[in-house]
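Structural overview
One letter stands for each residue in the lines below.
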Amino acid sequence: MVFILGFFLIALGFVQPLSALVIGTFWAVFFKRKAGLGVVLIAIGGATLGLHYVVSPSHDMARYVTYMQAVSLVQSPYEFFKQMYSALPISEFGLTGRDWPLSAAILYITGKFFDYRWLSAFTVFTTLFTRIYLIVKTTEKSRFSTLQLAFLRLIFILLTIMMTTILRPASGFRWYLGSNVILWIVYFDLFKNTRLNVWKISGMIIAGLLHPSMWIYAAIRVMAWLFTSVDKTIISKIFWGIVFFVGLVALLASSRVAPLMNQFWAYISGSDGFNVSTGTHIRFVVTFLVISILFARIKTEKFRFERTDWIFLLSNYWMLLLSVPFFLFDRLYQLAVPLMFLYYGYILAGKKRFIVYDFVVIFAMFSLYVVFYAGGVYQLLPTLDKGVFEILINPIWKF
């Protein structure tokens, strides 16, 4: 019966996405168990808007579209990867795909058989589903009353949508697909176990192949595991520590590191055109201060977490602090905050009611985004080829 109902609602979502958004939000908020169906419906509604995304020359997707057009002329996947690692690879706006081959393959397939809007819609769907589903899942075992739980989930859903937006994943697909994988790994660590296994290692590799910055998160996770796991012998830790150290030295000795570091510094310093104005700096500082309120709340219940999990969160917080003077902050907090939401949800799952500090956290986070949107600092939607209402009341295939 549930399967039939779920199939009907998803079909309805494709016919009229607005219904999917309304029913999905209600379902995800009020159904303590099996809320995943509601999250799927919300993600379908968001993905529908991604299908009508009109790319702007200033967006990341503009570079990807140009790269897709170039590589779509390559005859076969073998020839595509062969040219990618040749002396003269196809390069558009500095994009060659060498450092993110899985994302490059996705662009190749999209350019061959689809339209960039399908890629944008897919990224919006997976991003909204991952970020909302995981926080809803963390609250399944909550002992809150029905109304308290509904309030908590609604706030988390609204905050996630306001922070993530539709524009960001629609344009910057590499970062969001890679960070989605990292979030799933952290979720399984928190609620299953903190041990590394072949699935988690595979996930880290996939994330790194989607976006090279994900290797940083993978390295932090591995290092935290090496030096905190209690079920490993000293010899085993030393062995894996040596393997990791040798691999790091080999990477630093590689001739490819210098160009990558130059690109990274250009990105975070703004010398590639992302100049950080005084107003933007102020926004970063205010955002970091509000995030620090959330982090401080999590820290009050630090004892609930395994050392591996706590070190990972603490490392992300310090990375965020160090990035405040740079444009990089605008990207890093897009992963750091959903991570904190997972940890925060993990804490609340063991509570019977909110404390005053929880209301302070929720009010501060919500007020931050309301002010930013009211002041025109944030843009929820990209430029669309039709009006939002027209898009959402028509079948999803009419684009």
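Let me sum up the structure you'll find in this document. (Residues numbered from 1 in each chain as written. Predicted model: local features only at pLDDT ≥ 70, side-chain atom pairs only at ≥ 80, totals over all residues. Heavy atoms only, no water.)

Taken as a whole and judged by the stated rule, the model has 24 aromatic pairs. Here the aromatic rings of Phe156 and Tyr344 are separated by 6.0 Å at their centres, their planes lie at 75°, and the arrangement is edge-to-face. Pair noted here: Phe156 is in helix α8 (residues 146-164) and Tyr344 is in helix α17 (residues 329-348), with a separation of 188 residues, a long-range link. By the burial criterion, Phe156 is buried, and Tyr344 matches it. In textbook terms, an aromatic cluster arises when at least three aromatic residues are bridged by ring pairs, as seen for Phe125, Phe129, Tyr133, Trp184, Tyr187 and Phe188. Its guanidinium or amino end placed over the ring of Trp100, Arg174 lies 4.6 Å from that ring's centre, counting from NZ or CZ. (Phe/Tyr/Trp six-rings, centres within 6.5 Å; stacked < 30°, edge-to-face > 60°. Helix = DSSP H or I, 4+ residues; strand = E, 2+ residues; numbered from the N terminus. Buried < 20%, exposed > 50% of the residue type's maximum accessible area, 1.4 Å probe, protein only. Lys NZ or Arg CZ within 6 Å of the ring centre and 35° of its normal.)

With that settled, the discussion passes to the pattern of salt bridges. For the coordinates displayed, the defined rule picks out 11 salt bridges. Across the salt bridge formed by Asp358 and Arg297, the nearest N and O atoms sit 2.7 Å from each other. With a gap of 61 residues between them, Asp358 in helix α18 (residues 356-374) and Arg297 in helix α15 (residues 278-299) connect regions that are remote in the sequence. On the accessibility criterion, Asp358 (0% relative accessible area) is buried. Three or more residues are tied together by salt bridges with common partners; here these are Asp189, Lys200, Arg221 and Asp309. (Salt bridge = Lys/Arg side-chain N within 4 Å of Asp/Glu carboxyl O.)

Glancing now at helix α7 (residues 116-138). Across its 23 residues, α7 extends 33 Å between first and last C-alpha, which sits within 8% of the 33 Å expected from 1.5 Å per residue. Capping the start of α7 is the job of one residue whose side-chain oxygen sits 2.9 Å from the backbone nitrogen of Arg117: Asp115. (Expected span 1.5 Å × (residues − 1). Polar contact = N/O pair within 3.5 Å; in protein donor to acceptor, adjacent residues only side chain to side chain.)

Take the environment of Phe312 next. Here Phe312 lies in helix α16 (residues 307-323). Once residues within four sequence positions are removed from consideration, Phe312 is found in contact with Ile182, Val186, Tyr217, Ile220, Arg221, Leu339 and Tyr343. (Contact = heavy atoms within 4.5 Å.)

With that settled, the discussion passes to the environment of Leu339. For Leu339, the location among the structural elements is in helix α17. Residue classification places Leu339 among the buried positions, given a relative accessible area of 0%. As for Leu339 and Phe312, which are separated by 27 residues in sequence, their C-alpha atoms are 9.7 Å apart. Once residues within four sequence positions are removed from consideration, Leu339 is found in contact with Leu183, Val186, Phe312 and Asn316.

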